[in-house]
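The residues making up each chain are set out below.
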Amino acid sequence: MAAEISYVTTEEELKQALGIRRQVFVMEQQVPEELEIDQYDVISPDVHHVLLHTDGQAVATGRLIYYSKDTAKMQRIAVLESYRSFGYGRVLLLAMEELARELGLTYSLLDAQCQAQKFYDKLGYEVISEEPFYDADILHVRMRKSL
């Protein structure tokens, strides 16, 4: 199935992105909604929300924030469960990395759930945290990649 990447510019698109995250993180993974939604869940020049569509339906999302002057932090990467075996997570993250390069950033940083670490390993990310840590009661590792 073909994938189309778009950048969130309207409240309606932001609502779609938040709906995907609510399904994946709040419903599936039991992350409290007050931890999932934060100050970056707005349309702003300081945050970039990305959607992936297939057959006209938004099925994956992620957001990019500025971590430091040369580093993007990739966050809230989520793919609806029934679309997880099609490579959409990879397509989404590669598009987010391309956006980071276009913004003049040279590194990508993310906090990966430990169960997803192998996925990020395959895309060139390396663990930089000394040991796993909990975020929203889920074990994570911090990972980094040169863009």
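The model shown is predicted, which means the values in this text are computed figures rather than measured ones. (Residues numbered from 1 in each chain as written. Predicted model: local features only at pLDDT ≥ 70, side-chain atom pairs only at ≥ 80, totals over all residues. Heavy atoms only, no water.)

**A look at the overall build of the protein chain**
- Scanning the protein chain from terminus to terminus reveals four helices and eight strands.
- Taken from the N to the C terminus, the helices and strands of the protein chain come in the order β-α-α-β-β-β-α-β-α-β-β-β.
- In terms of overall dimensions, the protein chain is globule-like: its C-alpha atoms have a radius of gyration of 14 Å, near the 15 Å expected for 147 residues.
- C-alpha extents for the protein chain along the principal axes are approximately 40 × 35 × 30 Å.
- When burial is assessed residue by residue, the protein chain has 44% of its 147 residues classed as buried.
- Put simply, of all contacts in the protein chain between residues at least 6 apart along the chain, 61% involve residues at least 24 apart.
- In the structure as shown, the protein chain presents an accessible area of about 8000 Å², 49% of it carried by carbon and sulfur atoms.
- In the protein chain, 15 side chains carry a positive charge and 24 a negative one; their mean positions are 4 Å apart. (Helix = DSSP H or I, 4+ residues; strand = E, 2+ residues; numbered from the N terminus. Rg over C-alpha atoms; globule rule 2.2 N^0.38 Å. Buried < 20%, exposed > 50% of the residue type's maximum accessible area, 1.4 Å probe, protein only. Contact = heavy atoms within 4.5 Å. Areas by Shrake-Rupley, 256 points an atom, 1.4 Å probe, with all protein chains shown as cover. Lys, Arg positive; Asp, Glu negative; His and termini not counted. Charge placed at Lys NZ, Arg CZ, Asp CG, Glu CD.)

**A closer look at the pattern of salt bridges**
- Scanning the model with the defined rule gives twelve salt bridges in all.
- A salt bridge links E36 to R21; the shortest N-O distance between them is 2.6 Å. One end of the pair, E36, is in helix α2 (residues 33–36); the other, R21, is in helix α1 (residues 11–28), with 15 residues separating them in the sequence. Taken individually, E36 and R21 each receive the classification buried, so the pair is uniform in this respect. (Salt bridge = Lys/Arg side-chain N within 4 Å of Asp/Glu carboxyl O.)

**Let's talk about the side chain of H48**
- Residue position: H48 is located in strand β2 (residues 47–54).
- Looking at H48, the relative accessible area reads 19%, which means it is buried.
- A distance of 3.1 Å separates the side chain of H48 from the side chain of Y66, its partner in a polar contact. (Polar contact = N/O pair within 3.5 Å; in protein donor to acceptor, adjacent residues only side chain to side chain.)

**Here we look at unusual backbone geometry**
- Non-glycine residue Q30 carries a positive phi angle of around 60 degrees.
- Counting through the fold element by element, Q30 comes out in the loop between α1 and α2.
- Residue D137 is not a glycine yet carries a positive backbone phi of 65 degrees.
- Mapped onto the secondary structure, D137 falls in the loop between β7 (133–135) and β8 (138–146).

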